[in-house]
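Chains, contacts and geometry: an overview
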Amino acid sequence: MSIDSKIFNPQAKILVHLDKVLDFFKKKNVDPITLEIDPSNACNHSCPFCISGHIHLEKFKDTEFFDRRIMSSELLMKIASNVCDMDIQSISWTGGGEPTLNPKLKEAIKYIKNNSNIKMGLYTNGTLLTKFDLFDTLVTSLEWIRISIDAGKKQSYDKLRLTNSKNNFDVVLENIEKLIYYKKKRNSKIIIGVGFVVTKNNYKEISDFSNLFKSLDVDYCQFKPEIVQIERNQNLSNTKQQIASNFWLTEVIDQLNKAKEILGKKFECNSYKLEDLLYDSSNYGRIYGECIGSQFQPCIGADGNVYVCTNHRGHKQYSYGNIKDDTLNKIWGDLKKRKCVMDKINFDEKFSNCTQLCKPHESNKILWTIKQNLKDKNYINSIKKKSVQFKKVLNHKEFI
């Protein structure tokens with residue numbers, strides 16, 4: 001296993017936590033490595049490729065999934081308290097919707113920072129950082145922040161995201177510059193990244209995006225392919241329709257190579273997803289028989305449900321329980337309930353209701369291999385050596 005990226009490398013990061021992984025295979029109750037939390041299902045943008053679009057995009061308004069709630073202050077602070085009592089390595093504030101829409105987010109981040117050793121990161125569209133005066137808190141409390149851009153020109157950005165004067169392209173660029181200012185002012189080590197989800201509608205602006213950010217003091221520019229979520233195809237009997245490999249080969253690869261020339265060390269790409277899209281269009285690299293990765297990276301939705309993973313948020317049948325009814329520690333400790341939910345996914349449905357190239361997908365590959373080789377002492381010893389090596393070289397190794 002090579003280190004193509006020191007940031008985006010789920011398989012290598014799993015091996016960093018090998019002790020926890022081996023305890024899991026010994027049937028011990030181990031706490032998550034990364035916990036994803038959705039402070040909000042509402043969003044001030046309307047990106048058509050959002051993996052949680054079924055929750056907040058207007059076209060899903062009359063479906064069972066539509067739920068634009070913002071997590072209550074009481075619930076968010078209960079979660080903040082709960083996680084400090086558990087052996088969780090990291091929290092990713094995400095969505096759902098736009099996490100910075102929750103007015104209590106700032107307080108929750110501060111609480112966890114002051115009461116635990118848990119590392120934190122934030123996914124955001126970056127347009128609301130001024131509204132709740134988040135800049136100083138973010139640069140002094142988070143390990144990283146990734147701001148979704150997905151365009152290289154103002155007109156395209158504003159059209160794609162359906163923005164207004166308060167959350168448009170100019171606003172997000174101003175906030176990024178302000179974030180960089182606060183980072184320098186506070187001598188912070190926070191890693192600031194910007195993201196570009198490559199779709200058929202925006203791929204021609206990859207170079208524009210790269211040129212825009214090559215001169216700004218962001219730490220990296222991440223490119224990843226659009227992944228089609230099941231819910232977007234409800235009217236097609238849940239047929240999964242990922243973009244065909246020919247598009248990536250003939251249209252996108254050259255664009256990414258140009259971006260790499262422009263950005264140099266700032267260039268980051270989720271190449272493992274591209275490889276699965278290119279070379280295994282029948283199963284997209286799903287060579288594993290069980291979803292084990294989800295047991296190390298669950299998601300708490302804005303509704304309080306503890307979901308199997310971010311791709312299943314909104315689907316109540318894939319919830320282990322609700323934080324409104326119990327503590328996270330007790331919900332996670334109910335191994336019988338978790339096994340029941342996972343048996344349904346693994347053996348009854350056999351991933352038929354799971355999005356391809358899902359969040360735990362890459363982790364599942366290495367975890368399935370480990371499970372198949374638990375009795376092979378030479379193999380276990382070899383990955384123990386790799387674990388030591390990866391701890392030294394990976395960035396944000398607490399985050400899967």
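For the structure itself, look to the data block above.
Just so you know, these numbers come straight off a predicted model, no measurement behind them.

**A few points about the overall build of the protein**
Per the secondary structure count, the protein includes 15 helices and 10 strands. Here the C-alpha radius of gyration of the protein, 20 Å, is about what a compact globule of 400 residues would show, namely 21 Å. Taking the principal axes of its C-alpha atoms as reference, the protein extends roughly 55 × 50 × 45 Å. For the protein, the proportion of its 400 residues judged to be buried stands at 60%. Of the contacts made within the protein by residues no fewer than 6 positions apart, 75% connect residues no fewer than 24 positions apart. Accessible surface, the protein: about 17500 Å² in total, of which carbon and sulfur atoms supply 46%. Of the charged side chains in the protein, 62 are positive and 47 negative, and the gap between their average positions amounts to 3 Å.

**Quick word on helix α4 (residues 73–83)**
Of the residues making up α4, those classed as buried are Leu75, Leu76, Met77, Ile79, Ala80, Asn82 and Val83. Tucked inside the fold, the buried residues of α4 contact β1 (34–37), β2 (90–93), α5 (105–115), β8 (299–300) and α12 (328–333).

**As for the environment of Asp38**
Relative to the helices and strands, Asp38 resides in the loop between β1 and α3 (53–56). On the basis of relative accessible area, Asp38 is assigned to the buried category, the value being 0%. Spatially, the C-alpha atoms of Asp38 and Trp93 are 6.2 Å apart, while their sequence positions differ by 55 residues. The contacts of Asp38, once residues within four sequence positions are left out, are Met71, Thr94, Gly95, Gly96, Cys299, Ile300, Gly301, Ala302 and Arg313.

**Digging into the pattern of salt bridges**
By the definition in use, this model includes 21 salt bridges. Residue Asp150 is joined to Arg161 by a salt bridge in which the shortest nitrogen-to-oxygen separation is 2.5 Å. One end of the pair, Asp150, is in the loop between β4 (144–148) and α7 (154–161); the other, Arg161, is in helix α7, and 11 residues separate them in sequence. When sorted by exposure, Asp150 lands in the same class as Arg161, which is buried. Close ionic contact of Lys316 with Asp303 constitutes a salt bridge, the shortest N to O distance being 3.7 Å. Residue Lys316 is found in the loop between β9 (305–307) and β10 (319–322), and its partner Asp303 is found in the loop between β8 and β9; the two are separated by 13 residues along the sequence. Members of the salt-bridge network, linked through shared partners, are Glu58, Lys61 and Arg68.

**So, empty space enclosed by the protein**
Under the defined criterion, the tally for this structure stands at 2 cavities of 30 Å³ or more. Contributing to the lining of the second largest cavity are 14 residues, with Cys291, Cys309, His312, Cys354 and Cys358 lying nearest its centre. Of the residues in the lining of the second largest cavity, the class split is 9 nonpolar, 4 polar and 1 charged.

**Considering the pairing of β2**
Residues Ser90 and Ser92 line one face of β2 and the alternating positions Ile91 and Trp93 line the opposite face, and both faces are buried. Strand direction decides the pairing type here: β1 and β2, joined by 4 bridges, are parallel. Across the sheet, the residue bridging to Leu35 is Ile91, located in β2. Bridge count between β2 and strand β3 (residues 119–124): 4 bridges; the pairing is parallel. Bridging from a neighbouring strand, Ser92 pairs with Gly121 of β3. Crossover handedness for the path β2 to α5 to β3: right-handed.

**Topic: helix α8 (residues 169–185)**
In this model, α8 (17 residues) spans 24 Å end to end at C-alpha, consistent with the 24 Å of a helix rising 1.5 Å per residue. Looking only at α8, the buried set comprises Phe169, Val171, Val172, Leu173, Asn175, Ile176, Leu179, Ile180, Tyr182 and Lys183. Packing partners of the buried residues in α8 comprise α6 (135–141), β4, α7, β5 (191–198) and α9 (206–214). Measuring from the backbone nitrogen of Asp170 back to the side-chain oxygen at the start of α8 gives 3.2 Å, which picks out Asn168 as the cap. After α8 finishes, the residue Asn187 shows a positive phi value of roughly 50°.

**Considerations on the packing of α7 against α8**
Packing of α7 against α8 leaves a shortest axis separation of 9 Å and a crossing angle of 110°. Here α7 is positioned roughly perpendicular relative to α8, judged by the angle of their axes. Taking contact as the criterion, the partners of Lys154, Tyr157 and Asp158 in α7 are, on α8, Phe169, Asp170 and Val172. Considered class by class, the residues forming the contact of α7 with α8 number 3 nonpolar, no polar and 3 charged.

Here is what the cut-offs are and how they apply
- Residues numbered from 1 in each chain as written.
- Predicted model: local features only at pLDDT ≥ 70, side-chain atom pairs only at ≥ 80, totals over all residues.
- Heavy atoms only, no water.
- Helix = DSSP H or I, 4+ residues; strand = E, 2+ residues; numbered from the N terminus.
- Rg over C-alpha atoms; globule rule 2.2 N^0.38 Å.
- Buried < 20%, exposed > 50% of the residue type's maximum accessible area, 1.4 Å probe, protein only.
- Contact = heavy atoms within 4.5 Å.
- Areas by Shrake-Rupley, 256 points an atom, 1.4 Å probe, with all protein chains shown as cover.
- Lys, Arg positive; Asp, Glu negative; His and termini not counted.
- Charge placed at Lys NZ, Arg CZ, Asp CG, Glu CD.
- Salt bridge = Lys/Arg side-chain N within 4 Å of Asp/Glu carboxyl O.
- 1 Å grid on protein atoms, 1.4 Å probe; cavity = no way out; pocket = protein on both sides within 12 Å on 5 of 7 lines; lining within 4 Å.
- Points joined across faces, edges and corners; volume = space filled by probe spheres on them.
- Nonpolar A, V, L, I, M, F, W, Y, C, P; charged D, E, K, R; others polar.
- Pairing = 2+ DSSP bridges.
- Right-handed = clockwise from strand over helix to strand, strands pointing away.
- Expected span 1.5 Å × (residues − 1).
- Polar contact = N/O pair within 3.5 Å; in protein donor to acceptor, adjacent residues only side chain to side chain.
- Axes fitted to C-alpha atoms, helices over the stretch in contact; angles between N-to-C directions.
- Parallel < 35°, antiparallel > 145°, perpendicular 65-115°, else oblique.

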